[in-house]
Amino acid sequence: VYAQDGTSKAPVVGQEAETGPGSPVTIRPSIHGDVLHSRPVVINYGTSTAPNVVVYYGTNDGVFHAINGNQATGIKVSSTNTVRPGGELWGFIPPEFIGKLSRLYANSPEVALSTTPAGITPQPTPRDDFFDGSTTVMQDQRTAGSPRTVIYLTARRGGSLVYALDVTDPVNPRYLWSRSNSDIPELGQTWSKPRLMRVAGYANPLLIMGAGYDAASEDSDPAPGTDTMGRGIVVLDAYSGAPVWSALANCSGVAGVCVKNTSLTRSIASDVTTVDRTGSGYIQMAYVGDVGGNIWRVDFQSATGNAPANWALTQFASLGGAANTNNARKFFYAPDVVPTAGFNAIMAGTGDREHPLYSASNTPGTAYNVVNRFYMLKDPNLGPVPAGWTPLTEANLVDATSVTYNGMGSGFYITLPNAGEKVVNAPLTVAGYTTFGTNTPPVPKAGMCYPNLGVARTYSVSFLTGAGQNPNRSVTLDGGGFPPSSVYGVVLVNNGNGGTTPVPVCFGCGNQTGPGGGGSSLAPVKVTPTGLGKRKRTFWFSETDKH
């Protein structure tokens, strides 16, 4: 980052400390931007025995990256260039980000922090974000001879935009389409990860997502209780990006079928949870929460047909109180939905993750003062929701904070026991228990000079009774901070006899029953399904010779 005049070097920005390749040119200590909320996605273009792995993720230096994820094999990008393992295949910068890149080069204006003093010129401003959202992958292999792979990029605080790139050939990516609030005026910051789905009433794959986050309203603490954007749900054609169906507070300028719903007053930043009760591969219903404490349900089935014109939105539950009260709960993460024979069990927790710190303010509705809860809601509507459905409220639920839920009413709730405690990740139900993580911010102490990320806990409760795997329902995780959302998987373990044994494990569930505390938020824990004791025969049929 030094201009060269042929005989000397003249610094044009701040004095950078680290000498880089080709000295005397110097570079920043890191030329790679932070990866804050963007979760890398991994695609294997090869086979299990001959992998060809590419890793995709966004960073806050303005670039969306494609990286060779192989351990030892290079990826050939041209006749003269092979990218080593860990090397970058390509980077993508959309036009919307170009105007923000000069600040990264010039280090001006400075980033405004809580400790930034007054009187600095130019005036410091908040940091810029870019591709800071999560990425969705579609691998369409319906046509064996011409499979397609598409990735969908979101920006979170980087903007109100979604990009689709065709990466069927990972070294020759192609722009497919993009959408912004120029196409969908109601679209807020794209926090909601697009969820890929198929439905019976539409031929192509679809993307469903919340309409976004309204930073102008929801960044204030307490929030005013009304938003101006992000109020609804959007469904896009996965190949063309065309809006197929939307349910929004404002349908002005939106193509496709758009259902205007005046009850949509708060933004939906959460991912959407889709449900296939029939096992057909087609989605019948979807659930999502908003930042006003409401749970919404979308039906892709109806007595009059399954075409988009017949899809419907229903306010299923209202669990948040008014603004400026300590019941002003917010849903930021997708619910987990467990289908049972008689109902869908909807598991969801509240917490304003954008205001996680301690506050000495006694103002009702301030995020630290809001009483957060974890809910199990029973949805008995296995078919379409009937007309005139009355949203569930806490009056329909059992307070199971101190007792075991007995199955009465429409579900239960558990109040988080600590001041300022918030649910900060998505729930996951495995083997009958639902896991979710919380953070409790520290109370500042005079003279304390070391960082304190607060107390991180992982809860594990029965989705049917609310009982915990241990008496406290939770364990404390090492290191504090925000525990990431739990992930379930199966790991092949060497069995010592020349083969492997599949072992179900959960990453992020915490050590709920063993000694030594909860452990790391990333440590795997073996999952033991409930009810697998000694087996006994429950039915038999004897066939004997008849004489």
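Please read all numbers here as calculations on a predicted model, not as lab measurements.

Asks: I tried to follow the overall build of the chain on my own but got confused; where do I start?
Replies: On a plain count of helices and strands, the chain comes out with 2 helices and 36 strands. The C-alpha atoms of the chain give 26 Å as radius of gyration, which agrees with the globular expectation for 547 residues (24 Å, within 12%). By its C-alpha atoms, the chain is 110 × 65 × 55 Å across when sized along the principal axes. When each of the 547 residues of the chain is scored for burial, the buried share is 47%.

Asks: How do you make sense of the environment of Ser485 when you look at a structure like this?
Replies: Considering the arrangement of structural elements, one finds Ser485 in the loop between β33 (474–476) and β34 (487–494). Between the C-alpha atom of Ser485 and that of Thr458, which follows or precedes it by 27 residues, the distance is 10.0 Å. From its side chain, Ser485 meets the backbone nitrogen of Ala426 in a polar contact 3.0 Å long.

Asks: Honestly, the state of the cysteines in this entry has me stumped. Any pointers?
Replies: Formally, a disulfide is one covalent bond, and it connects the sulfur atom of one cysteine to the sulfur atom of another. By the definition in use, this model includes 2 disulfides. Here Cys251 pairs with Cys258 through a disulfide, and the sulfurs are 2.1 Å apart. Because the sign of the S-S torsion sets the handedness, a value of about -80° for the bond joining Cys251 and Cys258 places this disulfide among the left-handed ones. Taking the relative accessible area as the measure of exposure, Cys251 reaches 18% and is therefore buried. With relative accessibility at 23%, the residue Cys258 sits in the partly exposed group. Here Cys506 pairs with Cys509 through a disulfide, and the sulfurs are 1.9 Å apart. For the disulfide bridge between Cys506 and Cys509, the dihedral angle about the S-S bond is near 65°, and by the sign convention the bridge is right-handed. With relative accessibility at 1%, the residue Cys506 sits in the buried group. In the chain, the cysteines engaged in disulfides, taken in order along the sequence, are linked 1-2, 3-4.

Asks: In this structure, what is going on with the confidence of the model for the chain? I would like to understand it.
Replies: Interpretation of this model should avoid reading the predicted coordinates in detail wherever pLDDT is low. Per-residue pLDDT for the chain averages 91, and the proportion of residues at 70 or more is 91%. In the model, residues 1–16 has pLDDT below 50 throughout and makes 27 contacts with residues more than four positions away in sequence or in other chains.

Asks: What is the right way to read the packing of aromatic side chains from this model?
Replies: Centre-to-centre distance and the angle between the planes together describe a pair of aromatic rings. Overall, the coordinates contain 22 aromatic pairs when judged by the stated rule. Ring centres of Phe436 and Tyr459 lie 4.9 Å apart, and the angle between their planes is 5°; this geometry places the pair in the stacked category. Pair noted here: Phe436 is in strand β31 (residues 433–440) and Tyr459 is in strand β32 (residues 455–462), with a separation of 23 residues, a long-range link. The class of Tyr459 is buried, set by a relative accessible area of 4%.

Asks: What's the story with the side chain of Asp352 in this structure? I'm lost.
Replies: Mapped onto the elements, Asp352 comes out in the loop between β25 (344–349) and β26 (373–379). There is a polar contact of 3.1 Å between the side chain of Asp352 and the side chain of Lys330. Side-chain polar atoms of Asp352 contact the side chain of His355, separated by 2.8 Å. Residue contacts for Asp352: discarding those within four places in its chain leaves Lys330, Phe332, Ala367 and Lys422.

Asks: Looking at this model, I keep getting lost on the sheet that holds strand β6 (residues 53–58). Mind explaining?
Replies: For sheets, the rule is that strands pair by backbone hydrogen bonds, running either parallel or antiparallel. Read across the open sheet, the 4 strands follow the order β5-β6-β7-β10; overall the sheet is antiparallel. A single partner strand is all that each edge strand has here, and the edge strands are β5 (41–44) and β10 (88–92). Neighbour-to-neighbour, the strand axes of this sheet turn through a mean angle of 20°, independent of strand direction. Bridge count between strand β7 (residues 64–68) and β10: 4 bridges; the pairing is antiparallel. Within β10, the residue paired with His65 across the bridge is Gly91.

Asks: So what exactly am I meant to see when it comes to the pattern of salt bridges here?
Replies: Between side chains of opposite charge, a pair can form when the charged atoms approach closely. Going through the model one piece at a time under the given rule, you end up with 20 salt bridges. Close ionic contact of Asp227 with Arg266 constitutes a salt bridge, the shortest N to O distance being 3.6 Å. With Asp227 in the loop between α2 (215–218) and β17 (232–237) and Arg266 in the loop between β19 (257–260) and β20 (273–275), this pair connects stretches of sequence that are 39 residues apart. By the burial criterion, Asp227 is buried, and Arg266 matches it.

Asks: What is the right way to look at the sheet that holds strand β13 (residues 161–166) in this model?
Replies: Taken in spatial order, the 4 strands of this open sheet run β11-β12-β13-β14, and their pairing is antiparallel. Strands with a single pairing partner mark the edges of an open sheet, and in this sheet they are β11 (135–140) and β14 (174–180). When strand polarity is set aside, the average angle formed by the axes of neighbouring strands in this sheet is 15°. The pairing of strand β12 (residues 148–154) with β13 spans 5 bridges and is antiparallel. In the strand pairing of β13, Val150 is matched with Asp166.

Asks: How should I be thinking about the pairing of strand β16 (residues 206–210) in this particular structure?
Replies: Of all 5 residues that make up β16, 5 are buried, and the element is covered over most of its length. Residue alternation in β16 divides its side chains into two sets, Leu206, Ile208 and Gly210 and Leu207 and Met209, and both sets are buried. When strand β15 (residues 195–197) meets β16, the two strands line up antiparallel, connected through 3 bridges. The residue of β16 that forms the bridge with Met197 is Leu206.

Asks: Help me out: how do you make sense of a nonpolar patch on the surface in this one?
Replies: A cluster of nonpolar side chains, Val487, Val491, Val493 and Phe507, forms an exposed patch at the surface whose accessible area comes to about 280 Å². Take the nonpolar patch: its biggest share by element is 3 residues, from β34. Looking at where Val491 falls in the secondary structure, it is placed in strand β34. By relative accessible area, which is 33% here, Val491 ends up partly exposed.

Thresholds applied
Residues numbered from 1 in each chain as written. Predicted model: local features only at pLDDT ≥ 70, side-chain atom pairs only at ≥ 80, totals over all residues. Heavy atoms only, no water. Helix = DSSP H or I, 4+ residues; strand = E, 2+ residues; numbered from the N terminus. Rg over C-alpha atoms; globule rule 2.2 N^0.38 Å. Buried < 20%, exposed > 50% of the residue type's maximum accessible area, 1.4 Å probe, protein only. Polar contact = N/O pair within 3.5 Å; in protein donor to acceptor, adjacent residues only side chain to side chain. Disulfide = S-S within 2.5 Å. pLDDT = per-residue confidence, 0-100. Contact = heavy atoms within 4.5 Å. Phe/Tyr/Trp six-rings, centres within 6.5 Å; stacked < 30°, edge-to-face > 60°. Pairing = 2+ DSSP bridges. Axes fitted to C-alpha atoms, helices over the stretch in contact; angles between N-to-C directions. Salt bridge = Lys/Arg side-chain N within 4 Å of Asp/Glu carboxyl O. Patch = residues over 30% accessible without salt bridge, like charges linked within 9 Å, V, L, I, M, F, W, Y side chains within 5 Å. Areas by Shrake-Rupley, 256 points an atom, 1.4 Å probe, with all protein chains shown as cover.

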